[in-house]
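Chain and residue survey
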Amino acid sequence: MSDSHDFSTRAIHVGQEFDPSTGSVIPPIYQTSTFVQDGIGGFRGGYEYARSANPTRSSLETLLADLEGGAHGFSFASGLAAEDTLLRAVLKPGDHIVMGNDVYGGTHRLIDRTFTSWGIELDTVEMMNLDAVRAAVTPKTRVLWVETPSNPLMKISDIAALVEIGHAAGAIVVVDNTFASPYLQNPLAFGADAVSHSTTKYLGGHSDVLGGGLVIADDELAEKVRFLQFAVGAVSGPMDAWLTVRGIKTLALRMEKHSSNAQAIAETLVAHPAVERVYYPGLADHPGHDLAARQMRGFGGMLSLQLAGGPAAARTFAESTSLFQLAESLGGVESLIGYPTEMTHASVRGTALAVPENLVRLSVGIEGVDDLTADLLEGLARL
Ligand SMILES: *Cc1c(COP(=O)(O)O)cnc(C)c1O
């Protein structure tokens, strides 16, 4: 499969060749922990033991690397396991990490409550403000951690500009590309060193599997990650890897529909008197709209809104829709609604990363847009 093929074609075929022994169009799920050796050290296809590699996981890793345009793909048991492995591969005691002040709460928690006990220093900064980022990096900064669009305020950060700042300081730049998915954004193309994904979200796409991915351009960094992936072992199992590959086949179609549904819903909500503010990069007055239009190939399916009625209205609204189901997570075919203060962002409550208490987050699914809009309007009518 060559690079000249369309994204949709690659999503369906890369790493997914039919099984040569039976002709099975879909490669089998290699539900095995170990592999017979033809004499000691005689590995077939390099497979020895499933913590180091398993063909079903290899299929997903090849596919992730291709879709992000990087040389090396890695698949993990969760998004946070992927992040943990990458950070451990790069950081040592005394090092410093600079992270956006609007990242996934679990990412902040991982570093703030785990890595700092091992002598890593963390500073959070407004990533849209390049001067603030320049001021935050120090000679000890090894990692600049960027999430764009961010969670839950949909802030858009300039990847190319941040790469320049990070590299000048001797840091690697990591982009959490979970919200955009590789269909809408490829951070490596802007010079980022690594892309991190919670494949639990858009890549899996059906809210039926947990997983994480890394894609890395540089061979040396990839070798360190490969070693830790093997040495620590937070890998995805064959069934999870297979479900994720299966989900990715329809990523392009899904992202188109997520984006068009979210755009229509954002435009409806903006005009509603119960809504104080809508955060969606596809709205012309969103602070990151122009940058998103340059950096992304669409605006995605995530949006947040602040309710004019304050925290009580936000809580009531989050509990009164029916198609939009109240649940953590995002990126599945079905629409979800969440109250970040007490759900996804409960771990940063009371810190500088706290989110507005009248904020509700929507993961707009791919159901019929009229049904989704009616569901939201009914919920708002109850306030
Ligand atoms: C969910 C999420 C993660 C963590 O991934 P898990 O698969 O839940 O471990 C990281 N970053 C973002 C942006 C997420 O939405």
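Quick caveat: nothing in here was measured; it's all calculated off a predicted structure.

1. Things to note about the pattern of salt bridges
On inspection of all chains with the given rule, the structure shows 10 salt bridges. Here Arg-10 makes a salt bridge to Asp-66, at a shortest N to O gap of 2.9 Å. Here Arg-10, found in helix 1 (residues 7-13), pairs with Asp-66, found in helix 2 (residues 55-68); they are 56 residues apart in sequence, far enough to count as distant. Assigned by exposure class, Arg-10 and Asp-66 land together as buried. Put simply, Arg-44 and Asp-38 hold a salt bridge, and the shortest N to O gap is 2.9 Å. Among the residues examined, Arg-44 registers a relative accessible area of 57% and is labelled exposed.

2. Some points on the environment of Ala-222
Among the secondary structure elements, Ala-222 is positioned in helix 8 (residues 219-232). Residue class for Ala-222 comes out buried when judged on its relative accessible area of 0%. A sequence separation of 102 residues divides Ala-222 from Ile-120, and the C-alpha atoms of the two residues are 21 Å apart. Ignoring anything within four residues of it in the chain, the contact list for Ala-222 reads His-72, Phe-74 and Ile-216.

3. A short note on the packing of helix 3 (residues 79-90) against helix 4 (residues 105-113)
One can describe the packing of helix 3 onto helix 4 by two numbers: an axis separation of 10 Å at closest approach and a directional angle of 40°. With respect to each other, helix 3 and helix 4 are oriented oblique. When you trace helix 3 past helix 4, the crossing you get is right-handed. Counting all contacts with helix 3, which are made through Leu-80, Glu-83, Asp-84 and Leu-87, the residues of helix 4 involved are Gly-106, Thr-107, Arg-109, Leu-110 and Ile-111. Here the contact of helix 3 with helix 4 is built from residues that sort into four nonpolar, two polar and three charged.

4. Describing the site of the ligand
What surrounds the ligand is a group of 14 residues, the closest being Gly-79, Asp-176, Ser-198, Thr-200 and Lys-201. One of the backbone nitrogen or oxygen atoms of Gly-79 is found 2.9 Å away from an oxygen atom of the ligand. Protein coverage of the free-state accessible area of the ligand, which is 380 Å², stands at 93%. The greatest single-element share of the shell around the ligand, amounting to three residues, is contributed by helix 3. Taken together, the residues of the shell around the ligand sort by class into four nonpolar, six polar and four charged.

5. Comments concerning the UniProt feature "modified residue: N6-(pyridoxal phosphate)lysine" (unreviewed entry) in the protein
Taken from the UniProt record, the annotation "modified residue: N6-(pyridoxal phosphate)lysine" (unreviewed entry) applies to Lys-201. By the element assignment, Lys-201 lies in the loop between strand 6 (194-198) and strand 7 (212-216). With relative accessibility at 9%, the residue Lys-201 sits in the buried group. Those residues in contact with Lys-201 that sit more than four places away from it in its chain are Tyr-104, Thr-178, Ser-329, Leu-330 and Gly-331.

6. Considering the domain arrangement of the protein
In terms of domains, the protein is made up of domain 1 (7-248) and domain 2 (252-381). The C-alpha centroid of domain 2 is placed 26 Å from the C-alpha centroid of domain 1. Each side of the interface is counted separately: domain 1 has 37 residues, and domain 2 has 38 residues. Counting the surface lost from both domain 1 and domain 2, the interface buries some 3200 Å², and carbon and sulfur atoms represent 61% of this. For the domain 1 face of the interface with domain 2, the top three residues by lost area are Tyr-183, Leu-184 and Tyr-202, together amounting to 24%. At the junction of domain 1 with domain 2, the criterion picks out zero salt bridges. Take the side of domain 1 that touches domain 2: its biggest share by element is four residues, from helix 7 (residues 181-184).

The rules behind the values
- Residues numbered from 1 in each chain as written.
- Predicted model: local features only at pLDDT ≥ 70, side-chain atom pairs only at ≥ 80, totals over all residues.
- Heavy atoms only, no water.
- Salt bridge = Lys/Arg side-chain N within 4 Å of Asp/Glu carboxyl O.
- Helix = DSSP H or I, 4+ residues; strand = E, 2+ residues; numbered from the N terminus.
- Buried < 20%, exposed > 50% of the residue type's maximum accessible area, 1.4 Å probe, protein only.
- Contact = heavy atoms within 4.5 Å.
- Axes fitted to C-alpha atoms, helices over the stretch in contact; angles between N-to-C directions.
- Parallel < 35°, antiparallel > 145°, perpendicular 65-115°, else oblique.
- Left-handed = near helix turned anticlockwise from the far one by under 90°.
- Nonpolar A, V, L, I, M, F, W, Y, C, P; charged D, E, K, R; others polar.
- Near = heavy atom within 4 Å.
- Polar contact = N/O pair within 3.5 Å; in protein donor to acceptor, adjacent residues only side chain to side chain.
- Areas by Shrake-Rupley, 256 points an atom, 1.4 Å probe, with all protein chains shown as cover.
- UniProt positions renumbered as here; feature names shortened; annotations may be inferred.
- Domains from an automatic or database assignment.
- Buried area = accessible area lost by both parts, 1.4 Å probe.

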